[in-house]
Amino acid sequence: MTAAASEPKANMGQPVPRYDATAKVTGRATYASDMPLDNPAYAFLVTSAIAKGRIDRFDLDDAGRVRGVIDIVTHENAPKLKESKLFSNGGYAGTTIQPLKSAEIAHDGQIIAVVIAESYEAAREAANRIKVSYTAATPSASFDSPGTTTATAKGQNSQFKEDPKVGDFAKAFDAAEVKLTASYDTPTQHHNPMELFTTSCAWMGDNLVIYEGSQFVYGLKNGVAEQLGIDADKVRVVNPYVGGGFGSRGSMTPRTAIIAGIAKRLNRPIKLVPTRDQGFTIATYRAETRHEIKLGASRDGRLVALRHEGAEVSSRPDAYCVGGTKTTTRLYACPNVDSLVSIVRADRNTPGFMRSPPEVPYLFALESALDELAVKLDMDPIELRRINDTTNEPISGKPYTSRSLMACFDEAAKAFGWGQRSPQPKSMSDGDWLIGYGCAATCYPTQMAPSAARVRLQRDGRTRVEIAGHEIGTGAYTVIAQTAAERLGVPLEKVAVFIGDSELPPAPVAGGSNSTASTCSAVMMVCDQIRQRLLKAVMPSDSLADKAKETVGISPAPSTQAAKGDRSLDLEKAFDALGVVVLEEYGEWKPEGAPLDSFRAMHNGQVRLIGGHAMKDQIAYAFGAEFVEVRVNRFTHEIRCPRLVGAFAAGRIMNPRTARSQLMGGLIWGMSSALLEATELDERNARYVNDNLADYLVPVNADVPGVEVIMLSEQDDHINPVGAKGLGELANVGTNAAICNAIYHATGQRIRKLPVRLENIEV
Amino acid sequence: MRSFSYQRATDPDMAVQALGAAAASNNPLTKATAQPLAGGTTLIDLMKLDVMRPAAIVDINPLAHAWSAIEPGGDALRLGALAKMSDVAAHAEIQRSYPVIADSLKLAASAQLRNMATLGGNVMQRTRCNYFRDVSYENCNKRNPGSGCAAMDGVNRMHAVLGTSDQCIATYPGDFAQALIALDATVEITGKAGTRSMPFAQLHKAPGSTPDIETALQPGELISGFSIRGRWPRSVYLKARDRQSYEFALSSAAIALDVQDGTIRDARVALGGVATVPWRAREAEALLREQKFDEALAQRVADAAFADARGRRHNSFKIALGKRVVARALQQAVTMEI
Ligand SMILES: Cc1cc2nc3c(=O)[nH]c(=O)nc-3n(C[C@H](O)[C@H](O)[C@H](O)COP(=O)(O)OP(=O)(O)OC[C@H]3O[C@@H](n4cnc5c(N)ncnc54)[C@H](O)[C@@H]3O)c2cc1C
Ligand code: SF4
């Protein structure tokens, strides 16, 4: 087998090729803006050139003269929309700043007009010809700008209820033998998924179809219905493929209801394809953060005191917050822990989820600080983590359902060749290049949410699985098909999967890395309902059938999962006994501990994620260890990362091939986050400057010559029926710190602010 | 992007005429109502961004048969304006006799862009200043003469430290031009009155008080080719950048040396990524002539090259970086095997 499809270890599924591989490489996969529309009109957005103030006047004369222009929509004539609350306050929106409502401007690049024309080109030309007069006010851009307001996150954000604490931090820190205090900064970042933030809307009478890349079709459907003031049953969201999301498509953006409203008024389908730079301001982003870490330890390396204070930027009206202290206060054994998160309100768009929202910035701080502590202690950084490894989280003492952190460190260290590292900084080089080795822990909470599914099995084994999940590139089609095939004992080729459509049974948001665990658990449950019906048809009594459920597989292709016993059921015989040719089952699955209203919320497009530290008697995380080789040029100070090695344990690996892609992409993203990605803010006017893919740097192939992914075998029976921990957001967490730790090793210079640029190096 | 007319020029006269018709308006070349189209990788990009708004496009690609020579004959080199970056970079004789040219092209942009882009278009590429490229910023003296310069006190990490004025600090972003200016290239210009030549060093204009005037070309004039005398096998192009490929220079150096018996007879030093125009460091390179090379000399040359440099808030690092790049590139040129 190849590296891409390595031999599965214990508790891993088969590395079958992607269900949608051929469609994707042949260009047959249809994304939202590929969907055919009947005589569409084209929309082009105009966005504000100021971040704060008001629009005095539009001069539309020149624009209106462009041939093919149908309408120009501004706040003066926009369709009236209802407000939607923030997703974290029981709504669907990623921002409560609703454009085209008034002349007020609340952030850079806010939508201020929509041109509708017979062609994309005409709409774009007319948009360019619109002249806007503003009265600009001075905006507060970020942390250090005058005019911001700061308050603790606790009390403002319903998803961040508590600053975790335990013991007496102050006293323990005072008394600690070894102390470290350090501050860390992370930058603004944007997801930049390949697929632009396109939206097409078509009405058929009172019914609306929306084609839009979404990570949550039920959320979008309900949110748009709410904004339009119509019944959610009248709205359908379709997106069989999503060209990357990374969190940017998790909550509703204002554009969708606007386009739907205009389409209704013009009685014509409308297709919107915004530009790349507009994507920087019409959707969410990862806001910049600041951290102060205090660590106290005994000489032998045991942590006795840990404090993590974080500050995050949000918009004026919305208290978005990632609050990663919920993870960093629980990662290592430490009896005295304190933490505080605050939110700084500025004249910015509301930030939102971006791949591993809390863990990326907060673990950068903690895992860098641990490396600094290891240096102070003159201790190997892996050993420091081993000494503080724990089976129970320190805040409330709950046990981890499983935790393979140190096993990951050991495997990755071996594969990387950590033993060849000479610990002194600046002690390794190769010609013009100083070499540094660094490592860090990575982790991500294991989360699940209620999900439904419908499965139809035919006498000949053909199977159809329906579930409103999302293929954001992770392999959702593939693992859902594998789950059904294994559970029903039918060949994989006979399984057809339908996802990405809000007419299908509801699935949760494709976020928080919950999708595989949630959707596959639902599919598994519904497959079992079918099995049960078949078994009952051939078993003499119900109790026998119940017993057989666990032990009897279905032929003709009993798989390891389904065929726990040695007896198997003949599919055709069972169908004939029932006297039918098709069986169809629908079911709703919810994780243990899900609140009573979970299913209702699921149908209403609201997410009730369960897991991580918020479980009742235990805490569930996936873990990993990441090792990097960094090279710093003595003359140019250019920083390159020729080698990334990560070892990960995440419960059952459903498909080692798609999992590897996720983890590899995560490692590369992590490197990119450490060395390349930052959205530059012009602080004078709170505007983004490098809002395009030429200037917002992401790695090219030459930047990632070597990436190695190791998946450890791990069995966890306490998390969900499939036993899988989400891993989509696992690998890009530790890399930031690993790279800075390696840069320290290469140069002797500790860098605490991301991304690291060549001008930050002094050697 | 705005509507425009499109015309294919099948011979040079036709091209010059089509472009010349627009010349009457008295606009500087950058704002001329008719623009020649070569690979289009700069022009179409800027049209989409609404930065350039020509009413007419004159496609000069049909002239390729006459204007895409790559002729490294004996003791001189001729390059046609429509030669593709990738073809020149891959040419074995260019790699042997003019490594600074081959490398400046090979290290530029991406393979896809190099396959499209031409040498003429390359030297005419325009600055990557974000405030220039985003028309929602009003203050850009280059785009909107007299409106001010948003970059001066804005985000200016990529901006120039040499050749700046109080009107504009935009970097000339290209790589190849540094090789041309280092090798004393001549540029051939075809216009209404036929063909004229001038030193390549005179093609680009420092911003001064007219940053909208970027070159000595007049509307209606086209670059038809470049020529270089001599062979320069001992030459290097060193480029420091944020990522390993597909990225503009933060600082680069084009170095060409003639070393005989350990003594430097002739030396050329040009700088990229740090100046408003392709930059020849004449005073610095003069320090090398008739000298034996050592590290201290390299340091003096590097210091001299940046003696007049002036940094702003985010780009001051380019001065120290530029010096190290020059010193390292000199070292590489001296020690390279030819
Ligand atoms: C993402 C990106 C990264 C890049 N990175 C680099 C890099 O690292 N280094 C680098 O050097 N370049 C880089 N470039 C720039 C690229 O090399 C230039 O865009 C390209 O060389 C321009 O050539 P072209 O033939 O496409 O020009 P065009 O776009 O056709 O023309 C450019 C300009 O020159 C004019 N013009 C064209 N031909 C002539 C002629 N014969 N006479 C007179 N005027 C003419 C046009 O009217 C236009 O104004 C990059 C570009 C992009 C988009
Ligand atoms: S540096 Fe030059 S191009 Fe950039 S904003 Fe200033 S004037 Fe415009």
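Summarised in this report is the structure supplied together with it. Every value quoted in this text rests on a predicted model; they were computed, and no experiment measured them.

## Considering the pairing of strand 8 (residues 222–229) of chain B
Both faces of the sheet carry side chains from a regular strand, because those side chains alternate between them.
Residues and elements named next belong to chain B.
And then number 1: Counted residue by residue, strand 8 has six buried out of eight residues, so it is predominantly covered.
And then number 2: Across five bridges, the pairing between strand 5 (residues 76–80) and strand 8 is antiparallel. Bridge pairing in strand 8 links L77 to I228.
And then number 3: Where strand 6 (residues 186–191) meets strand 8, five bridges bridge the pair, whose relative direction is antiparallel. From the neighbouring strand, V187 faces strand 8, where its bridge partner is F226.

## Focus on helix 12 (residues 295–305) of chain B
Residue and element names in this part refer to chain B.
And then number 1: Every buried residue belonging to helix 12 is among L297, A298, V301, A302 and A305, and all of these are buried. Buried residues of helix 12, viewed axially, fall in a sector of 135°; they line one side.
And then number 2: Elements in contact with the buried residues of helix 12: strand 11 (263–272), helix 11 (282–286), strand 13 (291–292) and helix 13 (317–335).
And then number 3: The residue sitting at the N-terminus of helix 12 and contributing the capping side-chain oxygen is D294; that oxygen lies 3.1 Å from the backbone nitrogen of A296.

## Comments concerning the sheet that holds strand 6 of chain B
And then number 1: Pairing is antiparallel in the open sheet, where five strands are placed in the order 4-5-8-6-7 (chain B). Where the open sheet ends on each side, the last strands, each with one partner, are strand 4 (70–71) and strand 7 (194–199) of chain B.

## Overview of the interface of chain B and chain A
And then number 1: Opposite the 33 residues of chain B that make contact, chain A presents 35 residues.
And then number 2: Taking both partners together, chain B and chain A bury about 3,000 Å²; carbon and sulfur atoms supply 46% of that area.
And then number 3: Summed over the shared surface of chain B and chain A, the number is three salt bridges.
And then number 4: A salt bridge links D432(A) to R328(B); the shortest N-O distance between them is 2.7 Å.
And then number 5: Applying the counting criterion to the chain B and chain A interface returns 18 residue pairs in polar contact (both at pLDDT 80 or more).
And then number 6: Breaking the side of chain B that touches chain A down by element, the ones donating at least two residues are helix 9 (130–133), strand 9 (235–240) and helix 13 of chain B.
And then number 7: At six residues, the largest contribution of residues to the side of chain B that touches chain A is made by helix 13 of chain B.
And then number 8: Looking at side-chain class alone, the side of chain B that touches chain A contains 11 nonpolar, seven polar and 15 charged residues.

## A short note on helix 3 (residues 120–129) of chain A
And then number 1: Burial runs high along helix 3 of chain A: seven of the 10 residues are buried.
And then number 2: Here helix 3 of chain A has its buried residues at A122(A), A123(A), R124(A), E125(A), A126(A), A127(A) and R129(A).

## Describing the site of ligand 1
Residues and elements named next belong to chain B.
And then number 1: Lining the immediate environment of ligand 1, one finds 31 residues, of which P36, G40, T41, T42 and D175 sit closest.
And then number 2: One of the side-chain nitrogen or oxygen atoms of T118 is found 2.7 Å away from an oxygen atom of ligand 1.
And then number 3: When isolated, ligand 1 has an accessible area of 960 Å², and the protein chains bury 96% of it.
And then number 4: Looking at the shell around ligand 1, the elements that each hand over two or more residues are strand 2 (34–37), helix 8 (119–123) and strand 8.
And then number 5: Per-element accounting of the shell around ligand 1 gives the leading share, three residues, to strand 2.
And then number 6: In terms of residue class, the shell around ligand 1 is built from 18 nonpolar, 10 polar and three charged.
And then number 7: Residue assignment places the shell around ligand 1 across two domains, with domain 1 (5–62) and domain 2 (235–335) each supplying three or more.

## Some words on the sheet that holds strand 17 (residues 433–445) of chain A
Residue and element names in this part refer to chain A.
And then number 1: Taken together, the five strands give an open sheet; going across it, the order is 16-17-26-27-30, and neighbouring strands pair in mixed fashion. With partners counted over all chains shown, the strands left at the sheet margins are strand 16 (429–430) and strand 30 (706–711), one partner each.
And then number 2: In terms of strand pairing, strand 17 meets strand 26 (residues 621–633) through 13 bridges, oriented antiparallel. Counted as the bridge partner of L434 is V632 from strand 26.
And then number 3: Across the face of the sheet, helix 11 (residues 405–416) comes into contact with strand 17, strand 26, strand 27 (639–649) and strand 30 while running at roughly 30° to strand 26.
And then number 4: Its contacts with the sheet put helix 17 (residues 656–675) on strand 26, strand 27 and strand 30, and the angle it makes with strand 30 is roughly 130°.

Conventions used here
Residues numbered from 1 in each chain as written. Chains lettered and ligands numbered in written order. Predicted model: local features only at pLDDT ≥ 70, side-chain atom pairs only at ≥ 80, totals over all residues. Heavy atoms only, no water. Buried < 20%, exposed > 50% of the residue type's maximum accessible area, 1.4 Å probe, protein only. Helix = DSSP H or I, 4+ residues; strand = E, 2+ residues; numbered from the N terminus. Pairing = 2+ DSSP bridges. Arc of directions from axis to C-beta. Contact = heavy atoms within 4.5 Å. Polar contact = N/O pair within 3.5 Å; in protein donor to acceptor, adjacent residues only side chain to side chain. Buried area = accessible area lost by both parts, 1.4 Å probe. Salt bridge = Lys/Arg side-chain N within 4 Å of Asp/Glu carboxyl O. Nonpolar A, V, L, I, M, F, W, Y, C, P; charged D, E, K, R; others polar. Near = heavy atom within 4 Å. Areas by Shrake-Rupley, 256 points an atom, 1.4 Å probe, with all protein chains shown as cover. Domains from an automatic or database assignment. Axes fitted to C-alpha atoms, helices over the stretch in contact; angles between N-to-C directions.

Shape descriptors only; they carry no functional weight alone.
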